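A structural walkthrough
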Amino acid sequence: MEHCELIPGRGIRRGDTDIFFGMRRKALRDALGYKQAGDGMWDDEDEYADGEGHDWLLLRFLDDKLCDIEVRGGELSHDGIELKHTDMPRLHDDLERKGMALEATEWLSEGHDCVDLQIVVASNRDIEEFDDSDRSNDDKIAWVITSSDFKVED
């Protein structure tokens, strides 16, 4: 399972590899071992899978520079808090203990903002394409997005 650390406002780090906003697409492709997996839906996105072939990461680019990071699988943590491989009640409690909160998103159409970490988090319940026939996974985190456009206003 892939593990990354969130660096708020900058991007994520996977081991010794920085995946930071503004980085060039070719540099990230080389560092992450990009393999073309058919025709992507959008030409400004690169999708990555983990070692077992599960969705892991989606990177979006603007003018060949990284602007959005969507963590779809694996683990993503910050300051001892697991952000991806968890569920909403646990994430809410862990953030609250650190003086942070989740609130209805004002930035995307789905999910919850954590302004302190400059992320949007969505549970399975939050996303439109979730098959709700099995309600046991409703609170599981589906994805975490951070973006160079997520600006915190003082």
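Description of the structure in this document. The structure displayed is predicted, hence computed values, not measured ones.

**A look at the packing of aromatic side chains**
What the rule picks out here adds up to 2 aromatic pairs. An angle of 70 degrees between the planes, with centres 5.5 Å apart, marks the rings of Tyr34 and Tyr48 as edge-to-face. Linking Tyr34 in the loop between helix H1 (25-32) and strand S4 (45-49) with Tyr48 in strand S4, this pair joins segments that are 14 residues apart in sequence. Its relative accessible area of 7% is what places Tyr48 among the buried residues. Both rings, one in Tyr48 and one in Trp56, keep their centres 6.4 Å apart while their planes meet at 75 degrees; by these two values the pair is edge-to-face. Side by side, Tyr48 and Trp56 carry an identical accessibility label, which is buried. Three or more aromatic residues joined by ring pairs make a cluster, and in this case those are Tyr34, Tyr48 and Trp56.

**So, the environment of Leu91**
Relative to the helices and strands, Leu91 is located in helix H2 (residues 88-97). Considered as a pair, Leu91 and Ala101 are 10 residues apart in the sequence and their alpha carbons are 9.4 Å apart. Beyond its immediate sequence surroundings of up to four residues, Leu91 is in contact with Ile81, Glu82, Leu83, Thr86, Leu102, Val121 and Ile141.

Calculation notes
Residues numbered from 1 in each chain as written. Predicted model: local features only at pLDDT ≥ 70, side-chain atom pairs only at ≥ 80, totals over all residues. Heavy atoms only, no water. Phe/Tyr/Trp six-rings, centres within 6.5 Å; stacked < 30°, edge-to-face > 60°. Helix = DSSP H or I, 4+ residues; strand = E, 2+ residues; numbered from the N terminus. Buried < 20%, exposed > 50% of the residue type's maximum accessible area, 1.4 Å probe, protein only. Contact = heavy atoms within 4.5 Å.

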